[in-house]
Amino acid sequence: MLDTITSVERESRTNLLTLEEFGAESARIGREIADGYDRYHIDVNEVDDIDPLPHRFLVKVGKIGLAKFIAKEVLMYFPHFDVIFSRPCTYGVFSGPVGGFAPRPKLCVGCLRCTVQHPDFVKVLPNPKMLALGDSYTTHGHIAAIDEEAKRGMVPVRGQGYRGRFGGPGFDGMLTDMSEIVRPSRDGIHGRELIGTSVDIGSKPMHLSFDENGSLLDSVPDMFTIQIPLVFDLPPGDLGSDALAKVIDSTSNLVDTLACLDANTASRLEMDAPNIVPVLAVEDAARASEFHAARLVELEGWDAHAFEAAINATDAMVGVRIHFDEGWQGMLTNAVDSGAKVIHLLADLHGRDQDGTFVSDLFKEAHMLLIEQGRRDTVTLLGGGGIVGADHVPKAIISGMDAVTLDLPVLFAIQGRSRGSLKHRDKVRGKLPKKLDHDWAVQRLTNLCGSWRDQLLEILGAMGIREVRRLRGEFGRSMVVKHLEDEAFGEILGYHGGEYA
Ligand code: SF4
């Protein structure tokens, strides 16, 4: 009996040792795999301004009132001149060599403490030069946010709470459902749990079929993956230049996404690469054969013959750019019928179609059209027009897009300036910085992508969504302010519907 127990124990110890060894070995292999795993991230680095935006505020100080105030302060605080000259602004606006007699408005954050304390001789006003930036849709606020995001690559936080309206025109009319407090494990950019921002470009079959031997019948997925749902679009208006094309090329390569470039420019600059999407006029469709490395080429507009010619000319996917003009639904349907796997939908730069319908509704309509046709997954929808803020990205994806395309944010990220209205793509007028340093501009654009991706991670984390692909068409995770107001106030006399100008 004793012998039997000993033998069992021995065997058990042997097994235990084997298990320990096995555990150590699997831990070693696991570590090796983990060490070899390259978790996607964007290298952001703060870069200096080369053409800073005008400061936000003008600080006007009445010299006599200030002199009286300082005299009083001298009597009280002499000889502490640092105290005397720093008051009443703790941000240093009045701390220059001659104090408030030459205030430094670029340091002003607009807290209004000075005007509250000394309304008799201090005035803080918005700077008209700042207010003049952009236009009625792409406001100075969007431009300032993009500028800061591109400078630091961080999520802009002011620590002053939200001071705007809870609702407004365009994307401000959509609220997103976030309740991070109940989902602490998916904590956005802090990254304890991975949240995916990669998206697939191309086509997936709606179902798989197998023969009696278990072999796959019919179509298989035809797609590739990019790491962020942001694609650089053609520079609008007169902004296209070789220098900008090179910046967009390098940045898209760095952050692993795509850059749409006019086919002539791409050809002239010999940019035939997987990250470049040459955009061809329909009459040049056969020129798709010139681009051997491209994974996607786009045709400007829908034309069945041109599409056929492009398909025959290249092995790359052929996408179709469709503007939200009259009859776009029919063009979309025909393009998909003909085998287009990528549709790039475009509103004007205010995010509207010709009838003024906002792009979130247009995106929804396109998404639902494909769902009703039972083939949503066979097509990738890219959406552009009116995307000028980080929050516009998830809102466009909730509205049904797989990824969005960036136009004006590129200009403002590299401190370009615009003139006049920014509504119509072909009429955009602007200029890039005179001394556009390539590496500087690439870092600015990379920072913008990093900041917008982080903000996307925050929103996904707050929603408890593990990857951006699952956000597509999740209308239930959004609320439309107008619907909420109609529901709440519809029965009340005098309520005329929550339309925002
Ligand atoms: S508004 Fe605030 S930050 Fe600006 S000058 Fe006055 S105290 Fe300073």
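Residues numbered from 1 in each chain as written. Predicted model: local features only at pLDDT ≥ 70, side-chain atom pairs only at ≥ 80, totals over all residues.

Caption draft 1: Region of interest: the overall build of the chain. Scanning the chain from terminus to terminus reveals 15 helices and 18 strands. By its C-alpha atoms, the chain is 95 × 85 × 60 Å across when sized along the principal axes. Every one of the 501 residues in the chain was classed for burial, and the buried ones make up 39%. (Helix = DSSP H or I, 4+ residues; strand = E, 2+ residues; numbered from the N terminus. Buried ≥ 20, exposed ≤ 12 C-beta atoms within 10 Å, placed from the backbone.)

Caption draft 2: Just the domain arrangement of the chain, in detail. When its domains are assigned, the chain resolves into domain 1 (57–130) and domain 2 (180–208 + 216–484). The distance between the C-alpha centroids of domain 1 and domain 2 comes to 48 Å. (Domains from an automatic or database assignment.)

Caption draft 3: Structural detail: unusual backbone geometry. Pro79 follows Phe78 through a cis peptide bond whose omega is 10°. With respect to the helices and strands, the residue Pro79 is situated in the loop between helix H2 (63–77) and helix H3 (81–86). The phi angle at Leu112 is positive, at roughly 70°, despite the residue not being glycine. Residue placement: Leu112 occurs in the loop between H3 and helix H4 (113–117). You will see that Asp256, though not glycine, has its phi angle at about 60°, which is positive.

Caption draft 4: Spotlight on helix H9 (residues 304–313). Among the residues of H9, Ala306, Phe307, Ala309 and Ala310 are the ones counted as buried. Angularly, the buried residues of H9 cover 160° about the axis, an arc narrow enough to put them on a single face. For H9, the exposed residues set more than 90 degrees away from the buried face come down to His305 and Asn312. Next to the buried residues of H9 lie strand S10 (276–281), strand S11 (296–300), strand S12 (317–323) and helix H10 (328–337). (Arc of directions from axis to C-beta. Contact = placed C-beta atoms within 7 Å.)

Caption draft 5: Examining the packing of helix H6 (residues 140–152) against helix H14 (residues 438–463) more closely. Between H6 and H14, whose axes approach to 6 Å, the crossing angle comes to 105°. Classified by the interaxial angle, the pair formed by H6 and H14 is roughly perpendicular. Contacts between H6 and H14 involve Ile146, Glu149, Ala150, Lys151 and Arg152 on the former and, on the latter, Arg444, Leu445, Asn447, Leu448, Ser451 and Trp452. Its residues placed into classes, the contact of H6 with H14 shows 5 nonpolar, 2 polar and 4 charged. (Axes fitted to C-alpha atoms, helices over the stretch in contact; angles between N-to-C directions. Parallel < 35°, antiparallel > 145°, perpendicular 65-115°, else oblique. Nonpolar A, V, L, I, M, F, W, Y, C, P; charged D, E, K, R; others polar.)

Caption draft 6: Looking closely at the nonpolar core. Val297, Ala310, Ile343 and Leu445 are the most contacted members of the largest nonpolar core, which has 103 residues in total. With residues up to four places along the chain from it excluded, the contact list for Leu445 reads Ala150, Val247, Thr251, Val410, Ala413 and Ile414. (Core = buried A, V, L, I, M, F, W, Y, C linked by C-beta atoms within 7 Å.)

Caption draft 7: Region of the structure containing the pairing of strand S14 (residues 380–384). In terms of burial, S14 is largely enclosed, as 5 of its 5 residues are buried. Residues Thr380, Leu382 and Gly384 of S14 are buried on one face, and the alternating residues Leu381 and Gly383, pointing to the opposite face, are buried as well. Bridge analysis of strand S13 (residues 342–346) against S14 gives 5 bridges, and the strand direction is parallel. For Leu345, the partnering residue across the bridge sits in S14 and is Gly383. Between the parallel elements S13 and S14, the chain passes through helix H11 (residues 359–372) in a crossover that is right-handed. With 3 bridges joining them, S14 and strand S15 (residues 403–406) adopt parallel strand pairing. Its bridge partner being in S15, Gly384 is matched across the sheet by Thr405. Regarding topology, helix H12 (residues 392–398) serves as the crossover connection from S14 to the parallel S15, and that connection is right-handed. (Pairing = 2+ DSSP bridges. Right-handed = clockwise from strand over helix to strand, strands pointing away.)

Caption draft 8: Quick look at helix H7 (residues 242–255). Over its 14 residues, H7 runs 20 Å from end to end, which matches the ideal 20 Å to within 8%, given 1.5 Å per residue. Within H7, burial applies to Leu244, Ala245, Val247, Ile248, Asp249, Thr251, Ser252 and Val255. Packing partners of the buried residues in H7 comprise strand S8 (230–232), strand S9 (259–262), helix H8 (263–268), S10, helix H13 (408–413) and H14. (Expected span 1.5 Å × (residues − 1).)

Caption draft 9: Geometry of the environment of Ser451. Here Ser451 lies in helix H14. On the neighbour-count criterion, Ser451 (25 C-beta atoms within 10 Å) is buried. Measuring from C-alpha to C-alpha, the distance between Ser451 and Glu149 comes to 5.9 Å, with 302 residues separating the pair along the chain. Contacts of Ser451, omitting those with residues within four sequence positions, involve Glu149, Gly153, Met154, Val155 and Ala390.

Caption draft 10: Spotlight on the packing of H7 against H14. The geometry of H7 relative to H14 is characterised by a closest axis approach of 9 Å and an angle of 50° between their N-to-C directions. As summarised for this structure, H7 and H14 are arranged oblique, according to the angle between their axes. Between H7 and H14 lies a crossing of right-handed hand. Counted together, Lys246, Val247, Ser250, Thr251, Leu254 and Val255 of H7 and His438, Ala441, Val442, Leu445, Thr446 and Cys449 of H14 form the full contact between these two elements. For the contact of H7 with H14, a count of residues per class yields 7 nonpolar, 4 polar and 1 charged. (Left-handed = near helix turned anticlockwise from the far one by under 90°.)

Caption draft 11: Layout of the environment of Cys108. Looking at the secondary structure, you find Cys108 in the loop between H3 and H4. Remark: the alpha-carbon pair of Cys108 and Val61, spanning 47 residues in sequence, is separated by 13 Å. If near-sequence neighbours (up to four positions away) are discounted, Cys108 is found in contact with His55, Phe57, Val59, Tyr91, Val93 and Val124.

Caption draft 12: Local environment of the environment of Lys423. With respect to the element layout, Lys423 can be found in the loop between strand S16 (417–419) and strand S17 (429–431). For Lys423, a count of 17 C-beta atoms within 10 Å corresponds to the partly exposed category. Excluding anything up to four places from it in sequence, Lys423 contacts Asp348, Leu349 and His350.

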